[in-house]
Amino acid sequence: MSRTGTARRTETVETDAGVARITWRAAKDARLVLAVSHGAGGGIEARDLQALAAVLPGRRVTVALVEQPWRVAGKMLAPAPRTLDTGWRGLWPALTVPGLPVVAGGRSAGARVACRTAAGLGARAVLALSFPLHPPGRPERSRKDELLGAGVPTLVVQGGRDPFGRPEEFPPGGHDLVEVPHGDHGFAVPKKAPLTQDQAMDLLTGAVAEWLDRLREE
């Protein structure tokens, strides 16, 4: 799938959890906004977030890359889930400024935030990248209730060897699930895998783009 150059704009937003930052990748004649945040161990430079920001504006989807206040402040550790939710809720009005339906999303901890808050904020849908279904090696500590309780159409994109939950571990429910074969929690694939890293990202962005197209048609 081809990648297109897009206009970038960055803004800061005051929230009750501190100052958040949004990097906009605007689409021409956009029909949706996809707002995606990072996980607890990284930022918006994650390969999946950057791939979506490069591809989706060409599909009439404006992408908003969201940095939570703790990340903007330069802290190394993410705060408690309640504080993450506070930051996300506080910046949500800025995401609705374009006047378009907003799909809430994120990777890992950011996916959990999106699931927990989507219905209350009026999100059109949720995109959950590398949803951490459980801590590695602790399947009994399932977070399935967060996923199943999102209350809006949800797409999970999961690496085939993600230690936080392989695709076959996910419970049935009102969500779609796409596997990135051989991908780990960051969607990295081994050099010996039958698909390249670029092919893995093309699979991910293609699946998300097709899902968003279906949402726009509903």
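As shown above, the structure is provided for reference.
On a predicted model such as this, the values are computed, not experimentally measured, just so you know.

Visitor: Help me understand the overall build of the chain, please; the structure alone is not making it clear to me.
Guide: Tallying secondary structure elements over the chain gives six helices and eight strands in all. Counting from the amino terminus, the chain carries its helices and strands in the arrangement β-β-β-α-β-α-α-β-α-β-α-β-β-α. Rg of the C-alpha trace for the chain: 16 Å, near the compact-globule value of 17 Å for 218 residues, within the 12% margin. Expressed as lengths along the three principal axes of its C-alpha atoms, the size of the chain is roughly 40 × 40 × 35 Å. Every one of the 218 residues in the chain was classed for burial, and the buried ones make up 53%. Taking as baseline every contact in the chain between residues at least 6 positions apart, the subset at least 24 positions apart corresponds to 63%. Element-wise, carbon and sulfur atoms account for 50% of the exposed surface of the chain, whose accessible area totals about 9800 Å².

Visitor: Help me understand the pattern of salt bridges, please; the structure alone is not making it clear to me.
Guide: Pairs can form between side chains of opposite charge whenever their charged atoms are close. This structure, assessed with the given rule, holds 12 salt bridges. The residue Asp213 makes a salt bridge to Arg59 at a minimum N-O spacing of 2.5 Å. One end of the pair, Asp213, is in helix H6 (residues 197-217); the other, Arg59, is in the loop between helix H1 (47-55) and strand S4 (61-67), and 154 residues separate them in sequence. Judged by relative accessible area, Arg59 falls into the partly exposed class, the value being 26%. One salt bridge in this structure joins Arg166 and Glu169, with 3.6 Å as the shortest N-O distance. Arg166 gets classed as partly exposed once you look at its relative accessible area, which sits at 37%.

Visitor: Just to check I follow, could you spell out the environment of Ala64 for this structure?
Guide: Structurally, Ala64 is set in strand S4. Accessibility expressed as a relative area gives 0% for Ala64, which makes it buried. Ala64 has contacts with Ile22, Thr23, Trp24, Val33, Leu34, Ala35, Val36 and Leu95, leaving out every residue within four places of it along the chain.

Visitor: It is not clear to me how the sheet that holds strand S6 (residues 125-129) should be interpreted in this structure. Could you clarify?
Guide: As a general point, the strands of a sheet are linked pairwise by backbone hydrogen bonds and lie either parallel or antiparallel. Read from one edge of the open sheet, eight strands run S1-S2-S4-S3-S5-S6-S7-S8, paired in mixed fashion. At either margin of the open sheet sits one strand with a lone partner, and together these are strand S1 (8-15) and strand S8 (175-180). Within this sheet the neighbouring strands show an average axis-to-axis angle of 20 degrees, counted without direction. Bridge analysis of S1 against strand S2 (residues 18-25) gives eight bridges, and the strand direction is antiparallel. The partner of Thr10 across the bridge, within S2, is Thr23. Running over the sheet, helix H4 (residues 109-121) touches strand S3 (32-37), strand S5 (102-107) and S6 and is turned about 145 degrees from S5.

Visitor: Whenever I open this one, the packing of aromatic side chains confuses me. Can you help?
Guide: Two aromatic rings are characterised by how far apart their centres lie and by the angle between their planes. On inspection of all chains with the given rule, the structure shows two aromatic pairs. With a centroid separation of 6.1 Å and an interplanar angle of 55 degrees, the aromatic rings of Trp88 and Trp92 are classed as tilted. Of this pair, Trp88 and Trp92 both sit in helix H3 (residues 81-95), four residues apart, which is roughly one turn of that helix. The exposure classification of Trp88 matches that of Trp92, with both residues buried. Ring geometry for Phe131 and Phe170: centres 6.4 Å apart, planes at 65 degrees, overall edge-to-face. Placement of the pair is Phe131 in the loop between S6 and helix H5 (144-148) and Phe170 in the loop between strand S7 (154-159) and S8, with a sequence separation of 39 residues.

The rules we used
- Residue positions are given per chain, counted from 1 along the sequence in the order it is written.
- pLDDT decides what is reported in this predicted model: residues at 70 or higher carry local features, side-chain atom pairs at 80 or more are listed and counted, and totals for whole chains, interfaces and linings draw on all residues regardless.
- Each side-chain value is worked out from all heavy atoms of the structure, with water and hydrogens disregarded.
- Secondary structure elements are defined from DSSP: runs of H or I of at least 4 residues count as helices, runs of E of at least 2 residues count as strands, and each element is numbered from the N terminus.
- For the radius of gyration, the atoms used are the C-alpha atoms, and the globule rule reads 2.2 Å times the number of residues raised to 0.38.
- Exposure is judged per residue with a 1.4 Å probe applied to protein chains only, and the accessible area is read against the type maximum: over 50% gives exposed, under 20% gives buried, and values in between give partly exposed.
- When checking whether two residues touch, look at their non-hydrogen atoms; a contact exists if any pair is within 4.5 Å.
- In these tables, accessible area is a Shrake-Rupley quantity obtained with a 1.4 Å probe, and a residue counts as shielded only by the protein chains included in the view.
- Within this document, salt bridges are pairs made up of a side-chain nitrogen of Lys or Arg and a carboxyl oxygen of Asp or Glu, the two lying within 4 Å of each other.
- A pair of strands counts as paired when DSSP detects no fewer than two bridges linking them.
- Orientation is described by axes fitted as lines to C-alpha atoms, over the contacting stretch for helices, and by angles from 0 to 180 degrees between their N-to-C directions.
- Between rings of Phe, Tyr and Trp, where Trp is taken as its six-membered ring, a pair exists when centres lie within 6.5 Å; planes separated by under 30 degrees are stacked, by over 60 edge-to-face, and by other angles tilted.

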